[in-house]
Amino acid sequence: MNAWCAALLLTSICTAAAAAGEGNAPGDPRRSGFDDMSPALQALQADDTQNPAWLWLKDGQQRFAADCAACHAPAAMRSVATRYPAFDTVLGKPLTLNQRIDQCRQRKRQQPAPPAGGDETTLALGTYLGHLARGLPIAPPADPRLDAARAEGERLWRTRFGQLGFSCSECHDDHAGGRLAGSPIPQAHPTGYPIYRLEWQGMGILERRMAGCMRAVRAQPFKPGSEAWTALELFMKQRAAGMPVETPAVRP
């Protein structure tokens, strides 16, 4: 069995619990957004033959085979998505997984820089790498070079934004489990990104979802690819440390 087939088999074996949003340690009060969805949406995510994100996943798998597999064996990439954002020594700053994919495309493949926030190739590859990690625990790096950005992310998480003056913490810590305009308020753990949202009728990265939250409180989102988004993601991944990856997730 070659490495490509072995990686796909290993991923398939480990996906059932993560696809169903399960896997937290007993007594862990943290909840995946999966737990707040209707049974119909839970079934949509859990059934790989029905999950609409599979179109992006298969696209990413094909792009990886064509452009990345010569350097990176899928089996060796299985846990990569659990460890991002991570510090990039060339740029001297933290990068999200999507930003790292873009850097690799430019450095190794000599491709032009995609737009800030990535493009369809970045999204597809990120979905595929996230899927390889499905079922593994989120494992933020214990890298002191990330401390300042992670602290900035926590500060932003607790900062009130917009005309409505809400912070991320007020909604997703203080009022998680309640309802807003008839919809449940999740704890906002980034366990399934990139995700397919019915609202979008497509896939998106965590930055897109955070920008939507900022617009909802009538704030101006940070610029695409901003270091502020990376800092927030760093803090959110630390907050979700140990929770299982469930990419590609489905959300309302």
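Each helix and strand counted, the chain has nine helices and seven strands in total. Its C-alpha atoms give the chain a radius of gyration of 17 Å, within 12% of the compact-globule value 18 Å for 252 residues. By the burial criterion, 47% of the 252 residues in the chain qualify as buried. Put simply, 70% of the contacts in the chain that link residues at least 6 apart link residues at least 24 apart. Surface summary for the chain: the accessible area is close to 12,200 Å², and the carbon and sulfur share equals 56%. The average position of the 28 basic charges and that of the 24 acidic charges among the side chains of the chain differ by 3 Å.

This brings us to the confidence of the model for the chain. On average, residues of the chain score 90 in pLDDT, and 90% of them reach the 70 mark or higher. Note on residues 1-17: pLDDT is under 50 here. Beyond four places in sequence and across chains, it has 23 contacts.

Geometrically, the link from Tyr193 to Pro194 is a cis peptide bond, its omega value of -5° lying close to zero. Located in the positive-phi region is Ala188, a residue other than glycine, with phi close to 65°. Position of Ala188 relative to the elements: it lies in the loop between strand 4 (183-184) and strand 5 (195-197). At Arg218, a position not held by glycine, the phi torsion is positive, near 65°. With respect to the helices and strands, the residue Arg218 is situated in the loop between helix 8 (206-216) and helix 9 (227-239).

The subject of this paragraph is the sheet that holds strand 6 (residues 202-204). Working definition: the strands of a sheet are paired by backbone hydrogen bonds and lie parallel or antiparallel to each other. Here three strands make up an open sheet; going across it, the order is 6-5-7 and the pairing mixed. Of all the strands in the sheet, just strand 6 and strand 7 (249-251) have a single pairing partner and so form its edges. Averaged over all pairs of adjacent strands, the angle between strand axes in this sheet comes to 35°, irrespective of strand direction.

Here we take up helix 5 (residues 120-132). With 13 residues, helix 5 should reach 18 Å at 1.5 Å per residue; the first-to-last C-alpha distance of 18 Å fits that figure. In terms of burial, helix 5 is a largely internal element, twelve of the 13 residues being buried. All of the buried residues in helix 5 are Thr121, Thr122, Leu123, Ala124, Leu125, Gly126, Thr127, Tyr128, Leu129, Gly130, His131 and Leu132. With a side-chain oxygen lying 3.2 Å from the backbone nitrogen of Thr121, the N-terminal cap of helix 5 falls on Asp119.

In this section: the side chain of Thr122. One can find Thr122 in helix 5. A relative accessible area of 0% places Thr122 in the buried class. Setting aside residues up to four positions removed in sequence, Thr122 forms contacts with Asn98, Ile101, Asp102, Arg105 and Pro114.

Overall, the coordinates contain 17 salt bridges when judged by the stated rule. Between Arg134 and Asp48 there is a salt bridge, with the nearest N and O atoms lying 3.2 Å from each other. You can see Arg134 sitting in the loop between helix 5 and helix 6 (147-157) and its partner Asp48 sitting in the loop between helix 2 (39-46) and helix 3 (54-67), a full 86 residues away along the chain. With relative accessibility at 26%, the residue Asp48 sits in the partly exposed group. Across the pair Glu246 and Arg251 runs a salt bridge whose closest N-O atoms are separated by 3.3 Å. Accessibility classification places Glu246 together with Arg251 in one group, the buried group. By sharing partners, the salt bridges in this structure join Asp102, Arg105 and Asp119 into a single network.

Cut-offs and rules
Residues numbered from 1 in each chain as written. Predicted model: local features only at pLDDT ≥ 70, side-chain atom pairs only at ≥ 80, totals over all residues. Heavy atoms only, no water. Helix = DSSP H or I, 4+ residues; strand = E, 2+ residues; numbered from the N terminus. Rg over C-alpha atoms; globule rule 2.2 N^0.38 Å. Buried < 20%, exposed > 50% of the residue type's maximum accessible area, 1.4 Å probe, protein only. Contact = heavy atoms within 4.5 Å. Areas by Shrake-Rupley, 256 points an atom, 1.4 Å probe, with all protein chains shown as cover. Lys, Arg positive; Asp, Glu negative; His and termini not counted. Charge placed at Lys NZ, Arg CZ, Asp CG, Glu CD. pLDDT = per-residue confidence, 0-100. Pairing = 2+ DSSP bridges. Axes fitted to C-alpha atoms, helices over the stretch in contact; angles between N-to-C directions. Expected span 1.5 Å × (residues − 1). Polar contact = N/O pair within 3.5 Å; in protein donor to acceptor, adjacent residues only side chain to side chain. Salt bridge = Lys/Arg side-chain N within 4 Å of Asp/Glu carboxyl O.

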